[in-house]
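# Examination of the molecular architecture
Spelled out, the chains give:
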Amino acid sequence: MIELHDLTKRYGKTLAVDRLSFRVPQGVVTGFLGPNGAGKSTTMRMILDLDRPTGGRVTIDGKRYGQLSEPLKYIGALLEAKAVHPGRTARDHLLWLAQSNRIPERRVDEVLALVGLTPVARKRARGFSLGMGQRLGIASALLGDPEIVMFDEPVNGLDPEGILWIRTLMKRLATEGRTVFVSSHLMSEMAVTADHLVVIGRGRLLADMPMPEFIRRNARSAVRLRTPQPERLLDVLAGAGIRHEAGPGGSYEVVDGDLAELGELAAAHNLVLHELSPQQASLEEAFMQMTADSVEYHAGAGPGRDAAGAPGPWGADWKAGGARRPAAAQQQEEN
Ligand code: ADP
Ligand code: MG
């Protein structure tokens, strides 16, 4: 298990990672999501002891990475910057890694087969495509058959086939009971990959919860109704004290409405329905909703935007821009 306690990293004036505390659960894929510059790679480098924290600590099974003997047997990682010697063959690269961790040679051939690099095992890495380089990085990560695997933006630059392959592999590794920790700046990718989400922005924790809970908390859900008798529908809703909004194509939507209740209400009034359907916003929309919430929060309460009035943790990449109210903080208030 990976555990972070108030992990902090400062580069000069930049606070890259700001008192991050969370645990990465076993047996599921945990998505580490945040926009570019949020601090994901820095956090991952600190997990591997490649960067020294300014404050706080991070442990793997209770120990610092540097204290693990034969660390590849505990944690395997694919980081952004690939450290493969271009003149080395894929097989030699893996053999060299295996030797330093007392991993038998046959495991090298096993992982080469696992990632589909057997046909090019004796080719020099210099001629590798991005996808092949990524596969070699993943082979290195899996070499020690570790309980924990960590991938930093593994799908960047890959074609759809490569993306699907990595996604399937990560799910399988989690099914085997391993801890899978994967970063991405793409919400859409996380939505189809991760079971659990850790969201950061400007180095700070914004959310740490199962994906369905994240969507439920942050995404709008509604019931959509379509009828050839709109006036009657509006009367019936008004009579029951149910508020509605205009939906697309002449439909009506009841935010947080109950499907069964609305169906029964329509039946009780002999109202013809052409549609009665649940609407659940996607993860992407959930993020936009989070941003919108934070705008309201500022207008009402004041705090939230940082002292300098800088854009929020999601930065200018994100639609509404303003600093949003972290889901983590919301959770605390509710508890
Ligand atoms: P992410 O991986 O989420 O895109 P990074 O961890 O790469 O984010 O970067 C977080 C912040 O730290 C950024 O502002 C980045 O410019 C800064 N940063 C990262 N590495 C260094 C470094 N070696 N020296 C100075 N600043 C750095
Ligand atoms: Mg990064």
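Residues numbered from 1 in each chain as written. Chains lettered and ligands numbered in written order. Predicted model: local features only at pLDDT ≥ 70, side-chain atom pairs only at ≥ 80, totals over all residues. Heavy atoms only, no water.

Under the annotation held in an unreviewed UniProt entry, the protein carries the name ABC transporter ATP-binding protein and is attributed to Streptomyces kaniharaensis. Taken verbatim from the UniProt record of the protein, the Sequence similarities (unreviewed entry) comment is "Belongs to the ABC transporter superfamily." (UniProt positions renumbered as here; feature names shortened; annotations may be inferred.)

What the protein contains, in helices and strands, is 11 helices and 13 strands. By residue count, 47% of the 335 residues in the protein fall in the buried class. Contacts spanning at least 24 positions in sequence make up 70% of the contacts within the protein whose residues lie at least 6 apart. Carbon and sulfur atoms form 50% of the exposed surface of the protein, whose accessible area is close to 16400 Å². (Helix = DSSP H or I, 4+ residues; strand = E, 2+ residues; numbered from the N terminus. Buried < 20%, exposed > 50% of the residue type's maximum accessible area, 1.4 Å probe, protein only. Contact = heavy atoms within 4.5 Å. Areas by Shrake-Rupley, 256 points an atom, 1.4 Å probe, with all protein chains shown as cover.)

Moving on: the pairing of strand β1 (residues 2–11). The pairing of β1 with strand β4 (residues 55–60) spans 5 bridges and is classified as antiparallel. The residue of β4 that forms the bridge with Ile2 is Ile60. As defined by bridge partners, β1 adjoins strand β2 (residues 14–24) across 7 bridges and the pair is classed as antiparallel. For Lys9, the partnering residue across the bridge sits in β2 and is Val17. The hairpin turn running from β1 into β2, its antiparallel successor, is 2 residues long, and Gly12 in that turn takes a positive phi close to 55°. (Pairing = 2+ DSSP bridges.)

Looking at the element boundaries, Phe214 is found in helix α7 (residues 211–218). Between the C-alpha atoms of Phe214 and Leu283, which are 69 residues apart in sequence, the distance is 8.2 Å.

So, about the site of ligand 1. Around ligand 1, a shell composed of Tyr11, Thr14, Ala16, Pro35, Asn36, Gly37, Ala38, Gly39, Lys40, Ser41, Thr42 and Arg45 is seen. One of the backbone N or O atoms of Gly39 is found 2.9 Å from an oxygen atom in ligand 1. A distance of 2.8 Å is found between an oxygen atom of ligand 1 and a side-chain nitrogen or oxygen belonging to Ser41. Taking 550 Å² as the accessible area of ligand 1 by itself, protein coverage stands at 61%. (Near = heavy atom within 4 Å. Polar contact = N/O pair within 3.5 Å; in protein donor to acceptor, adjacent residues only side chain to side chain.)

Moving on: the packing of helix α2 (residues 90–100) against helix α3 (residues 105–114). How two helices sit against one another is set out by the angle between their axes and by the gap between those axes. Relative orientation of the contacting elements α2 and α3 amounts to 135°, with a least axis distance of 9 Å. Put simply, α2 runs oblique to α3. Note on packing geometry: the crossing formed by α2 with α3 is right-handed. The segment α2 lies against α3, with Ala90, Arg91, Leu94, Leu95 and Ala98 engaging Glu105, Val108, Asp109, Val111 and Leu112. Tallied by class, residues from the contact of α2 with α3 come to 7 nonpolar, no polar and 3 charged. (Axes fitted to C-alpha atoms, helices over the stretch in contact; angles between N-to-C directions. Parallel < 35°, antiparallel > 145°, perpendicular 65-115°, else oblique. Left-handed = near helix turned anticlockwise from the far one by under 90°. Nonpolar A, V, L, I, M, F, W, Y, C, P; charged D, E, K, R; others polar.)

In this structure the tally under the stated criterion is 18 salt bridges. Asp51 is the salt-bridge partner of Lys9, the closest N and O atoms lying 3.7 Å from each other. Taken as a pair, Lys9 in strand β1 and Asp51 in the loop between α1 (40–47) and β4 lie far apart in primary sequence, 42 residues in all. Of the two residues, Lys9 and Asp51, neither departs from the other in class, the shared state being buried. Here Arg91 makes a salt bridge to Asp109, at a shortest N to O gap of 2.9 Å. In this pair, Arg91 sits in helix α2 while Asp109 sits in helix α3, placing the two residues 18 residues apart along the sequence. (Salt bridge = Lys/Arg side-chain N within 4 Å of Asp/Glu carboxyl O.)

Right, let's get into the packing of aromatic side chains. Counted according to the given criterion, the structure contains 3 aromatic pairs. Between Phe22 and Phe32 the ring centres are 5.7 Å apart and the planes differ by 50°, which places this aromatic pair in the tilted class. Placement of Phe22 in strand β2 and of Phe32 in strand β3 (residues 29–33) is noted, with a sequence separation of 10 residues between them. You'll find Phe22 and Phe32 in the same group, each marked buried. Between Phe22 and Phe181, the aromatic rings sit 6.0 Å apart at their centres with planes inclined by 50°, giving tilted as the arrangement. One end of the pair, Phe22, is in strand β2; the other, Phe181, is in strand β7 (residues 179–184), with 159 residues separating them in the sequence. Here Phe22 and Phe181 have matching classes, each one buried. (Phe/Tyr/Trp six-rings, centres within 6.5 Å; stacked < 30°, edge-to-face > 60°.)

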